[in-house]
Structure formats: C-alpha cells, structure tokens
Amino acid sequence: MDELKNVLVVAAHPDDELLGEGGTVRRLANAGVTVRAVILAEGLTSRAETREESDLGELAELQADARAAAAVVGFESIDFCGFPDNRMDEVDLLDIIKKVSYYVELYRPDTIFTHHHGDLNIDHRKTCEAVLTACRPVGQYCVKRIYAFETPSSTEWNYMYAEPFRPNVFVDVSGTVEAKIAGMGKYRSEGAVAPHPRSPEALRALAAYRGSNVGCTYAEAFMLLREVL
C-alpha cells in the first residue's frame, strides 16, 4: 500500500467510516498516510416518525462521538454534509455528486474508499454512485483508485442484488483491528451486542474470516472498483 499517500473515506452515515475499514485506516495512519472522512447523511433522523421530530441534541452527540472515534483510528479530519438519513433517494443525485466533488477538489485524494453499490441501505448505494460519478476519469483527475468496503448489517443483508460483494483486495489488520473496535466503542447510539453484525464479537469474527481468506489473523476486505497505474 506504499502508493497510498492521501486517502479519503466517503461514507453515508456516522460509524460507516469505521465499520468497513477502521483497521485499515489505523494501519494507514500509523504509516504516515493522510486519511480523512466525509460523512454524507446525518444518521439518527430516520429513527423518528419524521425528520423534523428528530432530537438535534442527539445528532450533535452523534457527531461528537464520530470525532472521538476518528481520533482513535487516526482520521486527520471528519466532515459532515447533513443529507437526510435513509432518505438520500429523495435528494437530487446531482446535489450529492456536487458535495462529493467539493471534497475531492478540496483534499485531492489519490485513493477513495466508499460503500459497495449493492448494499441494502439506499444511502450506501447513492453514496457509491455519487463517488463514481464525481471521480470519473476526465481532465486532470486526482483519484487513481477507488475501493468499495463491506458494511456489516447492510452489505450481507441484501440477498437480491445481481452483483454481490466479492472482495479482491485484502488488508492485514491483525495489529489494528482492536483500534477499530475501540473506535466503534465511542459511538454511544450505534453500538450493538452480539450476535448483531456491529457488535465487537461479530466485527472480530468478520475480520478473522477475511483473514482466513488470505492467510492472516485478521483482515479487512475490499473490492477494487477502479485503478489507474
């Protein structure tokens, strides 16, 4: 991963920036790579009857938790865009693309990690589509590679899509998986207990399974969507 110098994680919700690649982020940060996160949707507001009824105090706490988690895994910065939670299909795709484009131009990443296009969650699918559109290879584009990560409690729950998550890139996180677990522990509203896929036990089990795929103790798995050498 020596070619990765400036990495941007574009995720739909607070905690997605850790679930798929928290161990990888910590490993990259340990190696001196600059890693930033952009969170497109609010989180939480879909849990109220209407978006307007959501508790803004809880939303502020969620963002504070995200910043605390970011510090644990090594993100240099984390930005919040405020799109409606689990309602991004109601937003013009162009508006999402423009927001992603803004941060791509601001940070000029060589690598982006984002959601898999087949996830059950609609916000994840819209995020991936916006990233691929914003990073189309025209002109003096900066993004040389795009990886899709798996998001426990979304990627594996969509049984109907035509193109399932089939990883072809693996990162050994044997030394950093516990930072991912600790980062997730900073989320007071997003944690879960076993056997939920976001529980510490399940996250370790997934990392152990992905590690077994490639002969290491723990790993995180990705799909390479595009690379320009």
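Residues numbered from 1 in each chain as written. Predicted model: local features only at pLDDT ≥ 70, side-chain atom pairs only at ≥ 80, totals over all residues. Heavy atoms only, no water.

Draft legend 1. Quick look at the overall build of the protein chain. On a plain count of helices and strands, the protein chain comes out with seven helices and seven strands. When the elements of the protein chain are put in sequence order from the N terminus, they spell out β-α-α-β-α-β-α-β-α-β-β-α-α-β. For 229 residues, the compact-globule estimate of 2.2 N^0.38 gives 17 Å, and the protein chain sits close to it at 16 Å. Principal-axis analysis of the C-alpha atoms places the extent of the protein chain at approximately 50 × 45 × 35 Å. The buried share of the protein chain, taken over its 229 residues, is 53%. Once the 24 positive and 35 negative side-chain charges of the protein chain are each reduced to a mean point, those two points are 6 Å apart. (Helix = DSSP H or I, 4+ residues; strand = E, 2+ residues; numbered from the N terminus. Rg over C-alpha atoms; globule rule 2.2 N^0.38 Å. Buried < 20%, exposed > 50% of the residue type's maximum accessible area, 1.4 Å probe, protein only. Lys, Arg positive; Asp, Glu negative; His and termini not counted. Charge placed at Lys NZ, Arg CZ, Asp CG, Glu CD.)

Draft legend 2. Structural context of the pattern of salt bridges. Under the defined criterion, the tally for this structure stands at 10 salt bridges. Across the pair glutamate 150 and arginine 210 runs a salt bridge whose closest N-O atoms are separated by 2.9 Å. A residue pair is termed long-range when its members are at least 10 positions apart, and glutamate 150 in the loop between strand S5 (145-149) and strand S6 (169-172) and arginine 210 in helix H7 (residues 200-214) qualify at 60 residues. Here glutamate 150 falls in the buried class, since its relative accessible area comes to 10%. A salt bridge links lysine 180 to glutamate 220; its shortest N-O distance comes to 2.9 Å. Here lysine 180, found in helix H6 (residues 177-184), pairs with glutamate 220, found in strand S7 (residues 219-227); they are 40 residues apart in sequence, far enough to count as distant. Across this residue pair, the class does not change: lysine 180 and glutamate 220 are buried. (Salt bridge = Lys/Arg side-chain N within 4 Å of Asp/Glu carboxyl O.)

Draft legend 3. Up close: the nonpolar core. If you look at the biggest cluster of nonpolar residues, it comprises 33 residues, and the most contacted ones within it are Val7, Val9, Leu28, Val35, Phe75, Ile78 and Phe113. Ranked by residue count, the leading element in this core is helix H3 (residues 56-73), at six residues. (Core = buried A, V, L, I, M, F, W, Y, C linked by side-chain atoms within 4.5 Å.)

Draft legend 4. Region of the structure containing the packing of H6 against H7. Put simply, H6 and H7 touch, their axes get as near as 10 Å, and they point 155° apart. The angle between the axes of H6 and H7 places the two elements in the roughly antiparallel class. Between H6 and H7 lies a crossing of right-handed hand. In this structure, H6 uses Val177, Glu178, Lys180, Ile181 and Met184 to contact H7, whose residues at the interface are Pro200, Leu203, Arg204 and Ala207. When grouped by side-chain class, the residues that make up the contact of H6 with H7 number six nonpolar, no polar and three charged. (Axes fitted to C-alpha atoms, helices over the stretch in contact; angles between N-to-C directions. Parallel < 35°, antiparallel > 145°, perpendicular 65-115°, else oblique. Left-handed = near helix turned anticlockwise from the far one by under 90°. Contact = heavy atoms within 4.5 Å. Nonpolar A, V, L, I, M, F, W, Y, C, P; charged D, E, K, R; others polar.)

Draft legend 5. Quick peek at helix H4 (residues 93-107). Here H4 contains 15 residues, and its C-alpha end-to-end distance of 21 Å stays within 8% of the 21 Å for a straight helix at 1.5 Å per residue. Looking at H4, one finds that the buried residues are Ile96, Ile97, Val100, Tyr103, Val104 and Tyr107. Summarising the axial view, the buried residues of H4 lie within an arc of 130°, below the 170-degree limit, and thus occupy one face. Pointing more than 90 degrees away from the buried face of H4 are the exposed residues Leu94, Lys98 and Glu105. In this fold, the buried residues of H4 make contact with strand S1 (6-11), strand S2 (34-41), strand S3 (77-83), strand S4 (111-115) and helix H5 (122-134). Just downstream of H4 lies arginine 108, where phi reads positive at about 50°. (Expected span 1.5 Å × (residues − 1). Arc of directions from axis to C-beta.)

Draft legend 6. Quick look at the sheet that holds S6. On the basis of which strands lie adjacent, the open sheet formed by seven strands has the order S3-S2-S1-S4-S5-S7-S6 and mixed pairing. The open sheet has two free edges, formed respectively by S3 and S6, since each of these has just one partner strand. Averaged over all pairs of adjacent strands, the angle between strand axes in this sheet comes to 25°, irrespective of strand direction. Of the pairings in the sheet, the one linking S5 to S7 comprises five bridges and is antiparallel in character. From the neighbouring strand, alanine 148 faces S7, where its bridge partner is methionine 223. Contacts between H4 and the sheet are confined to S1, S2, S3 and S4, with S3 contributing the most and set at about 165° to the helix. Those strands touched by H5 are S1, S2, S4, S5 and S7, and its axis lies near 155° from that of S4. (Pairing = 2+ DSSP bridges.)

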